Amino acid sequence: MRPIFISPQRALAVLAALVASIGATNAAAAVDGGAARAGATVIVAQAADPTTMDPHQQRETTTQNVLFHIYDTLLTRDARNPNRFLPNLAVSWSRVGKYIVRLRLRPGVTFSNGQPFDAATVKYNVDRALGKPPFKAPTLIAVRLGAIAGAKVVNRLTVDISTKRPDSLVLGRLTQMMIVPSRVDPATLAANPIGTGPYTLVRWDRNNQVVLRARRGYHRGAPRIANVIFRTLVDPASRLAAIQAGDVDLITNVPPDNIRDVESSGRATVRRIPSARVASIWLDALKAGPLRSAKVRRALNHAVDRKRIVANILGGNGEAVATIVPSYFAGYNPKLAPYPYDPTKAKRLLAEAGYPRGFSLTLMVPRGRYLLGEEVTQVVAAYLGKVGVETKIEAVEFGVFAKATQTRSIPDGFYAAWGNAFFNPIDEAQVALLCGGKGFSWYCNPSYHRLIQRAAATLSPVRQASLLRAAERALYENPAFIYLYAYKDLYGVSKRLVWQPRRDEMIWMFEASVR
């Protein structure tokens, strides 16, 4: 067994978490007594609490994992092949020219408050997300909708989704927008969600747990799990203790050094899958200072030994990357290798850029959100210190991190791992790498910007792949981030839970059952 070091303060946190876990288990048995007695309860432990119950006002995977149980999307992705789309609220779809996708909707669907779902509901959701009248501003998910321009009702169960330009990712975008009812005050959704999904909210104890109950009459059939509880356990040691003790059924982000501990408990196993999540040190390359220099950013990439980080910290559970594109994404350029570790070259580039004595910077990292994120950020800071870049680390709670990035109030940079459910760099690029200083972009490279926009508007997969390879080279030569690695997702799964991980990171208990 390889122990995790736990300070006295963290040990107390673990003990408190275990007591809370037992309380949550007992509480689950009391959730809607009849429903709980008639079916199973499954507890999922994540590193972060939901930021809201309004699906249009969030962009976090941990929040989405909760909300996908309450709301539906128009389309879904195949759990085994994320490039294949499946019906959900839309039962079929077709292109009407280059700028319109026509959706035929599922009849007989109602929200948990009884409101019927129809084409007018879809138009309401698109208008709200994009901030079209009567709404005054776009919601947070607008950046995920790309070139979508609007929706037009054809008849009660047919709707046209239009785009500003041809959009190769439009079907994928329709898997991202969860559908809310049109006859409810949007302000109430933040705490009182109403959806068409397989579960309804029983209780949200903030920063502790979300309790969900299976909904009767769900259009895809009754869930096999009656009650689902999402527990918030920020500390990795707390999650490990809970899965080993059998107090939870699923945990995310198992530390590689503790895989054997989980499997030797006799209660759980570890499941791995190549992830859609790619980690980087994001840098503010727009504000005045050293980070505006591409030569400085190249120096920082040469200063970090990402392959050693993958081998020694991730235990080999990752893939070092040259940019934001691992080998299994569309547009991967096999001619580009990850930046070689070369501190001598890093110092030379810094001197050429006018910083022979280095400089100082501050990096933010969310506590507990990303597997070994804090540890990796500390190692990166040590590498940077060796070439004269003194680095201060600000470790913050995920809610603070989410607000800082959403309001563009970041320090010099931060550790983040973008979950790209499209398996295509266009997704991250349009939100985080285009010029304009919007969304999550603190970078501007006109050449890269043009190539990405051309690729996004190209419906030919062969032509798009060629453009993406050229774009990746532009991103390599003028780096936006300190590029690190693509994760392998590591889940601790109780032996009673029948569940397989998805490559898009979605945790959906509707697909699961218990032995």
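Here, the structure is the one placed above.
A count of helices and strands for the protein chain gives 15 helices and 19 strands. Taking 515 residues into account, the globule formula puts the C-alpha radius of gyration at 24 Å, and the protein chain, at 23 Å, falls close to it. Structurally, the protein chain occupies a C-alpha span of about 70 × 60 × 35 Å along its principal axes. For the protein chain, buried positions account for 58% of its 515 residues. For the protein chain, the proportion of contacts with a sequence separation of at least 24, taken over those separated by at least 6, is 70%. When the accessible surface of the protein chain is summed, it comes to about 19,900 Å², and 52% of that surface belongs to carbon and sulfur atoms.

Within this structure, the stated rule accounts for one disulfide. A disulfide bridge connects C435 with C444, and the sulfur atoms are separated by 2.0 Å. Because the sign of the S-S torsion sets the handedness, a value of about 90 degrees for the bond joining C435 and C444 places this disulfide among the right-handed ones.

Okay, the layout of surface pockets next. Gaps between atoms show up when a probe of the same size as a water molecule is rolled over them. In this structure, the second largest pocket occupies an estimated 580 Å³ of space. A142, V143, G146, Q430 and K438 are the residues nearest the centre of the second largest pocket, which is lined by 21 residues in total. Listed by contribution, the elements that provide at least two residues to the lining of the second largest pocket are α13 (425-432) and α14 (446-456).

As for its placement among the helices and strands, D284 is situated in the loop between β12 (268-283) and α8 (294-303). One buried charged residue, D284, forms no salt bridge at all, with the nearest opposite charge on K287 at 4.7 Å. A distance of 3.0 Å separates a polar side-chain atom of D284 from the backbone nitrogen of L286.

Okay, the packing of aromatic side chains next. For the structure shown, the criterion picks out 19 aromatic pairs. Measuring from ring centre to ring centre gives 5.7 Å for F414 and W442, while their planes differ by 80 degrees; the resulting arrangement is edge-to-face. Of the two residues, F414 sits in strand β16 (residues 413-419) while W442 sits in the loop between α13 and α14, which places them 28 residues apart along the sequence. The exposure classification of F414 matches that of W442, with both residues buried. A connected cluster of aromatic rings, assembled from ring pairs, spans W282, F398, F401, F414, W418, F440, W442, F481 and Y483. Seen from the ring of F398, R369 lies directly overhead, with NZ or CZ sitting 5.8 Å from the centre. The lysine or arginine in question, R503, covers the ring of Y328, its NZ or CZ lying 5.0 Å from the ring centre.

Cut-offs applied
- Residues numbered from 1 in each chain as written.
- Predicted model: local features only at pLDDT ≥ 70, side-chain atom pairs only at ≥ 80, totals over all residues.
- Heavy atoms only, no water.
- Helix = DSSP H or I, 4+ residues; strand = E, 2+ residues; numbered from the N terminus.
- Rg over C-alpha atoms; globule rule 2.2 N^0.38 Å.
- Buried < 20%, exposed > 50% of the residue type's maximum accessible area, 1.4 Å probe, protein only.
- Contact = heavy atoms within 4.5 Å.
- Areas by Shrake-Rupley, 256 points an atom, 1.4 Å probe, with all protein chains shown as cover.
- Disulfide = S-S within 2.5 Å.
- 1 Å grid on protein atoms, 1.4 Å probe; cavity = no way out; pocket = protein on both sides within 12 Å on 5 of 7 lines; lining within 4 Å.
- Points joined across faces, edges and corners; volume = space filled by probe spheres on them.
- Lys, Arg positive; Asp, Glu negative; His and termini not counted.
- Salt bridge = Lys/Arg side-chain N within 4 Å of Asp/Glu carboxyl O.
- Polar contact = N/O pair within 3.5 Å; in protein donor to acceptor, adjacent residues only side chain to side chain.
- Phe/Tyr/Trp six-rings, centres within 6.5 Å; stacked < 30°, edge-to-face > 60°.
- Lys NZ or Arg CZ within 6 Å of the ring centre and 35° of its normal.

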